[in-house]
Amino acid sequence: MSSSSSPVKTEKIGLGGALGIFGTILLIIVTGRLALGFDVALLLMFCGMFTTVVFCFRYGYSWDELFDKGVVPMVARATGAIMILLTVGPLIAVWMASGTIPYLIFAGLKILSPKVFLPAAFLICCLSSCFTGTSWGTAATFGVAFIGIAQGLGVSLPATAGAIVAGAYFGDKLSPVSDTTVLAAAVAEVEVVDHIRSMLWTTVPAFLVGLGLYAYAGSHAAGELDLSQVDSIIKAIETTFRLNPIALVPPFVVLALAYKRYPTLPVLWVAIAVSIPLALLQGYDLSTTIKFMASGPKIATGLEALDKLLSRGGLAFMSSSVVVVFFAYLFAGQLECTGTFRILCESLRASFIGNSRGRFVMSASLTGIMTGLGTGNSYLSEIVPGTMYKDLCDEMNISRRVLSRTLEDSGTVVVPLIPWSAAGIYMSTVLGVSVAEYAPWAVLCYMGFLTAWFYGFAGIAIWPSDRKEQA
């Protein structure tokens, strides 16, 4: 084999070089994000520039080789996720215009009971985030309202904020219209429906523990209940939309087709088609509805926070997420094709993982958590460990559904517990409670990875590889 062949070049990258490259990437992101406040997508582009220079001028790779064998295959595998992300934008927009999401918000607030305030707040935020796919929007609407109610009810504000954050990230983690859900499945290369089913193993126990804690803590609350903020949201929705249970048809269609295991993208297309007539019933004409799907609806209820939640969606709405994914895959593809990720994984397997599935889960989980701590970004906390460990997952005869589940358990829901992350700063600002105060109460956000570790060492829900024959 000639000295210019790819395998020989790959062997030149030792463990020290791999650690140096990976460490520099984290340094660029951490410094740029935390110290300079630069946009994440721009920083990821800089990382791609850095890896290109290093691999071309230090290790002798050509750009054509990096592009053809690294970037192109990586982006090709992400095409399905990108298409789903771009479809989710129009879906959210038409669900807003059709009254589907407003009706769910209306119904959720109607069932609010003072005697079970904390568990009700948690459940309503779970419902909202599942159908909207947004943790931030849920916190800005329901979260703000519930914080105001908690003050009058005498319920602990940190407990209330923790229940809100946990509920908001329940849907961000599980919803098929959530970008992080789609991304985790794409990185591990599994079907979205299979990924969600796998996550139920760790999310349901975390959900039940949190619900029990909120029920116990809420039962000791006392005081005067002020529902003025909730009433204002209910009245605003009633005034703006024609509320009818028929608006629930689209989400039920999604659930039914997903249960039948139809591919995610066609299911979303069907959901859009079913929702368009409902938008016409709300008084929008077909042209306006189609425009909403492109640029997002502009809904005015008279409440600023509610308007921000309802005026979401459209192709443009998802463009920033797609750009972040693309640039992250730009340098991740280079790290994969040059063997940099493989070298790091081989070192971890030799020094820590061995043949232990429990240590594999813990190692992938800690990599995601450390990436989140270093970058404060939920996308990177999924992309980095997902790309690093997926081949090792196959070698150890572990289903990639286990890996995709771990990415969410240790990435998506952990980021709001990091005070310097964008999610942590946003949640503490919107709710008026510091991350340190609400973090112990956001049970779902840390019970997930603890449950994943337990399952790993106990051998529970650690299925054999679906790709064993291919490998």
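Everything here concerns the structure above.
Residues numbered from 1 in each chain as written. Predicted model: local features only at pLDDT ≥ 70, side-chain atom pairs only at ≥ 80, totals over all residues. Heavy atoms only, no water.

Enquirer: I'd like a description of the overall build of the protein, backed by residues and values.
Expert: Of the regular secondary structure elements, the protein holds 23 helices and zero strands. The buried share among the 471 residues of the protein stands at 57%. Residue pairs at least 24 apart in sequence account for 78% of intrachain contacts in the protein once pairs closer than 6 positions are excluded. Looking at the protein as shown, the accessible area adds up to about 18500 Å², and 66% of this sits on carbon and sulfur atoms. (Helix = DSSP H or I, 4+ residues; strand = E, 2+ residues; numbered from the N terminus. Buried < 20%, exposed > 50% of the residue type's maximum accessible area, 1.4 Å probe, protein only. Contact = heavy atoms within 4.5 Å. Areas by Shrake-Rupley, 256 points an atom, 1.4 Å probe, with all protein chains shown as cover.)

Enquirer: So what's going on with the packing of aromatic side chains? Residues and values would help.
Expert: Counted by the stated rule, this structure contains twelve aromatic pairs. When the ring of tryptophan 63 is compared with that of phenylalanine 67, the centres are 5.4 Å apart and the planes differ by 40°; the resulting orientation is tilted. Here phenylalanine 67 and tryptophan 63 lie together in helix α4 (residues 63-97), a separation of four residues that amounts to about one turn. The class for tryptophan 63 is partly exposed, based on a relative accessible area of 38%. By relative accessible area, which is 34% here, phenylalanine 67 ends up partly exposed. Aromatic rings pair up to connect Phe122, Phe170, Phe207 and Tyr214 into one cluster. Directly above the aromatic system of tryptophan 463 lies the positively charged group of arginine 401, at a separation of 4.5 Å from the ring centroid. (Phe/Tyr/Trp six-rings, centres within 6.5 Å; stacked < 30°, edge-to-face > 60°. Lys NZ or Arg CZ within 6 Å of the ring centre and 35° of its normal.)

Enquirer: Residue-level account of the nonpolar core, with values.
Expert: Judged by nonpolar contacts, the single largest core of 141 residues is most densely connected at Leu44 and Phe360. For phenylalanine 360, the contacting residues outside a window of four places in its chain are Ile353, Tyr389, Leu392, Cys393, Met396 and Ile398. (Core = buried A, V, L, I, M, F, W, Y, C linked by side-chain atoms within 4.5 Å.)

Enquirer: Quick one: what's the story with the packing of helix α19 (residues 378-395) against helix α20 (residues 400-412), residue by residue and with numbers?
Expert: One way to put it is that α19 packs onto α20 with a least axis distance of 9 Å and a crossing angle of 155°. Accordingly, the angle class assigned to the pair α19 and α20 is roughly antiparallel. Seen from above, α19 lies across α20 with right-handed handedness. Contacts between α19 and α20 involve Ser378, Ser381, Glu382, Pro385, Gly386, Tyr389, Lys390, Asp391, Cys393 and Asp394 from the former and Arg400, Leu403, Leu407, Glu408, Gly411 and Thr412 from the latter. Of the residues contributing to the contact of α19 with α20, the split by class is five nonpolar, five polar and six charged. (Axes fitted to C-alpha atoms, helices over the stretch in contact; angles between N-to-C directions. Parallel < 35°, antiparallel > 145°, perpendicular 65-115°, else oblique. Left-handed = near helix turned anticlockwise from the far one by under 90°. Nonpolar A, V, L, I, M, F, W, Y, C, P; charged D, E, K, R; others polar.)

Enquirer: If you had to explain the side chain of histidine 195 to someone new, which residues and values would you point to?
Expert: Tracing the chain through its elements places histidine 195 in helix α10 (residues 192-218). One polar contact links histidine 195 to glutamate 408, side chain to side chain, over a distance of 3.0 Å. Ignoring anything within four residues of it in the chain, the contact list for histidine 195 reads Thr181, Ala184, Ala185, Val190, Ser404, Arg405 and Glu408. (Polar contact = N/O pair within 3.5 Å; in protein donor to acceptor, adjacent residues only side chain to side chain.)

Enquirer: Requested: an account of α20, with residues and values cited.
Expert: Its 13 residues place the ends of α20 17 Å apart at the C-alpha level, agreeing with the 18 Å of an ideal helix rising 1.5 Å per residue. Burial of α20 is extensive: twelve of the 13 residues sit out of reach of the surface. Along α20, the residues that are buried comprise Arg400, Val402, Leu403, Ser404, Arg405, Thr406, Leu407, Glu408, Asp409, Ser410, Gly411 and Thr412. Where α20 begins, the capping side chain belongs to serine 399, and its oxygen is found 3.1 Å from the backbone nitrogen of arginine 401. (Expected span 1.5 Å × (residues − 1).)

Enquirer: So what's going on with the pattern of salt bridges? Which residues, and what values?
Expert: Summed over the entire model, instances satisfying the criterion amount to six salt bridges. A salt bridge links lysine 69 to glutamate 65, with the nearest nitrogen and oxygen atoms 4.0 Å apart. In this pair, lysine 69 and glutamate 65 both sit in helix α4, four residues apart, roughly one turn of the helix. Under the relative-accessibility criterion, glutamate 65 is labelled buried at 12%. Between arginine 400 and aspartate 391 there is a salt bridge, with its nearest N and O atoms 3.7 Å apart. Three or more residues are tied together by salt bridges with common partners; here these are Glu189, Lys390, Asp391, Asp394 and Arg400. (Salt bridge = Lys/Arg side-chain N within 4 Å of Asp/Glu carboxyl O.)

Enquirer: If you had to explain the environment of proline 266 to someone new, which residues and values would you point to?
Expert: With respect to the helices and strands, proline 266 occurs in helix α13 (residues 264-281). For proline 266, a relative accessible area of 35% translates into the label partly exposed. Here the alpha-carbon distance between proline 266 and threonine 87, two residues 179 residues apart in the chain, equals 9.9 Å.

Enquirer: Could you give an account of unusual backbone geometry, with specific residues and numbers?
Expert: Although it is not a glycine, glutamate 189 sits at a positive phi angle of roughly 60°. Mapped onto the elements of the fold, glutamate 189 is located in the loop between α9 (179-188) and α10. Classification of glutamate 189 as partly exposed rests on a relative accessible area of 23%. One non-glycine residue, alanine 461, lies in the positive phi region at around 55°. Among the structural elements, alanine 461 can be located in the segment after α23 (443-458). By relative accessible area, which is 8% here, alanine 461 ends up buried.

Enquirer: I'd like a rundown of a nonpolar patch on the surface, residues and numbers included.
Expert: On the surface, Leu36, Phe38, Leu42, Phe46 and Met49 cluster together into a nonpolar patch covering about 440 Å² of accessible area. With respect to the helices and strands, the residue phenylalanine 46 is situated in helix α3 (residues 40-57). (Patch = residues over 30% accessible without salt bridge, like charges linked within 9 Å, V, L, I, M, F, W, Y side chains within 5 Å.)

Enquirer: Go over the environment of glutamine 282, please, and point to the residues and values.
Expert: Residue placement: glutamine 282 occurs in the loop between α13 and α14 (286-295). On the basis of relative accessible area, glutamine 282 is assigned to the buried category, the value being 14%. Sequence separation between glutamine 282 and alanine 97 is 185 residues, and the spatial gap between their C-alpha atoms is 7.3 Å. The residues touching glutamine 282, leaving out its near neighbours within four places in the chain, are Ala97, Ser98, Gly99, Phe241 and Arg242. In this structure the side chain of glutamine 282 is engaged in a polar contact, spanning 3.3 Å, whose partner is the backbone oxygen of serine 98.

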